[in-house]
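Tertiary structure, described
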Amino acid sequence: MKKVLVLEDESSIRSFIVINLRRAGYEVIEAETGEEALEKLKEFPETRVALLDIMLPGIDGFEVCRRIRATNTRIGIIMLTARSQEMDKVTGLMTGADDYVTKPFSPAELTARVDALFRRAGGDEPLPGGEIRQPPFLLNVRNRTLEKNGQRVKLTQVEYAIMKFFMENPGKALSREEILDTVWGRDYFGELKIVDVNIRRLRLKIEDNVQTPTFITTVWGYGYKWGG
Ligand code: CA
């Protein structure tokens, strides 16, 4: 779920941006006017980066930027400026934008800027206070709690951290080393076995049948995977 909003009224430029961001793995939400962009952000509050053109019919990109920032300090904002808009850059940065790209720009330059902001805006991390919902599970990031079918599952902090790592990476094989690094930290020098011990305990708590686990599956000789 790497959502980026693109606000640009010129359809040829917009599709150029959209195609390149999609190629780079982003889910792109398009808007033609500032008003539409603000509506879309309300609809998709998990959007992490917004690219805003400045010259638009209706409210301009600066005003959009101001209005976004009034309620959202976390989203990364990149202004799309024209070469002649030297002053606009300055103003744009002052009204709360994080970066700007001058037209015409190359696909590589554009995606590099978006990637950088995306990482700074928290990447794939869930929003603070957010939750990860993967039925029958619901992980509440603020309370650090897990529910299965609406029932609280009591977890240790380590088990919670493993669950979060899994639920952030559904369907991806995670090596035991990766799990160890993420949950215990890179400078922890315990044994890999600690991962297996905790997984075994987690399975007892969350699986329907521990003999044939379906949520945490084993990737033989490698590690574990969330989901089959
Ligand atoms: Ca324009």
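Residues numbered from 1 in each chain as written. Predicted model: local features only at pLDDT ≥ 70, side-chain atom pairs only at ≥ 80, totals over all residues. Heavy atoms only, no water.

1. Section: unusual backbone geometry
Residues Lys103 and Pro104 are joined by a peptide bond in cis, for which omega reads -5°. Looking at where Pro104 falls in the secondary structure, it is placed in the loop between β5 (99–102) and α5 (107–120). Of the consecutive residues Pro135 and Pro136, the connecting peptide bond is found in the cis state with omega at 5°. Within the secondary structure layout, Pro136 lies in the loop between β6 (131–134) and β7 (137–140). One non-glycine residue with positive phi stands out, namely Arg144, at about 55°. (Helix = DSSP H or I, 4+ residues; strand = E, 2+ residues; numbered from the N terminus.)

2. Some remarks on the coordination of the calcium ion
When a metal carries six donors in an octahedron, the ideal angles between them are 90 or 180 degrees, while four donors in a tetrahedron ideally lie at 109.5 degrees. At 2.2 to 2.3 Å from the calcium ion lie its protein donor atoms, namely Asp9 (OD), Asp53 (OD) and Met55 (O). The sequence motif formed by the donor residues of the calcium ion is D-x43-D-x1-M. One end of the pair, Asp9, is in the loop between β1 (3–7) and α1 (11–23); the other, Asp53, is in strand β3 (residues 49–53), with 44 residues separating them in the sequence. (Donors = N, O, S within 2.8 Å, 3.2 Å for Na, K, Ca; no water.)

3. Points about the nonpolar core
In terms of nonpolar packing, the biggest core is built from 25 residues, with Phe166, Ile179, Ile206 and Trp226 touching the most fellow members. Looking at this core, the elements with two or more residues in it are β7, α6 (157–168), α7 (176–184), α8 (193–206) and β12 (223–226). The biggest single contributor to this core is α6, with six residues. Apart from residues lying up to four places away in sequence, Trp226 is in contact with Gln134, Phe137, Met163, Phe166, Met167, Asn169, Pro170, Gly171, Lys172, Ile206, Phe215 and Ile216. Among the nonpolar cores identified, the runner-up in size contains 20 residues, and Leu7, Leu41, Ile75 and Ile77 belong to it. (Core = buried A, V, L, I, M, F, W, Y, C linked by side-chain atoms within 4.5 Å. Buried < 20%, exposed > 50% of the residue type's maximum accessible area, 1.4 Å probe, protein only. Contact = heavy atoms within 4.5 Å.)

4. Quick word on the pattern of salt bridges
One pass over the structure, following the stated rule, counts 17 salt bridges. Here Glu63 and Arg66 are joined by a salt bridge, their closest N and O atoms 3.1 Å apart. Linking Glu63 with Arg66, this pair stays in helix α3 (residues 61–71), spanning three residues, or about one helical turn. Between Arg201 and Glu159 there is a salt bridge, with its nearest N and O atoms 2.8 Å apart. Highlighted residues: Arg201 in helix α8 and Glu159 in helix α6, separated in sequence by 42 residues. The exposure class of Arg201 is partly exposed, given its relative accessible area of 37%. Through salt bridges with shared partners, a single ionic network connects Lys3, Glu27 and Glu46. (Salt bridge = Lys/Arg side-chain N within 4 Å of Asp/Glu carboxyl O.)

5. A word on the sheet that holds strand β10 (residues 173–175)
In space, the three strands of this open sheet follow the order β10-β12-β11, with antiparallel pairing throughout. The sheet terminates laterally at β10 and β11 (216–219), the two strands that pair on one side only. Sheet twist, expressed as the average angle between the axes of neighbouring strands with direction ignored, equals 35°. Of the pairings in the sheet, the one linking β10 to β12 comprises three bridges and is antiparallel in character. Along β12, the bridge assignment pairs Ala173 with Lys225. Against the sheet, α7 engages β10 and β12, with an angle of about 70° to β10. Strands in contact with α8 are β11 and β12; relative to β11, the strand with the most contacts, it is inclined by about 145°. (Pairing = 2+ DSSP bridges. Axes fitted to C-alpha atoms, helices over the stretch in contact; angles between N-to-C directions.)

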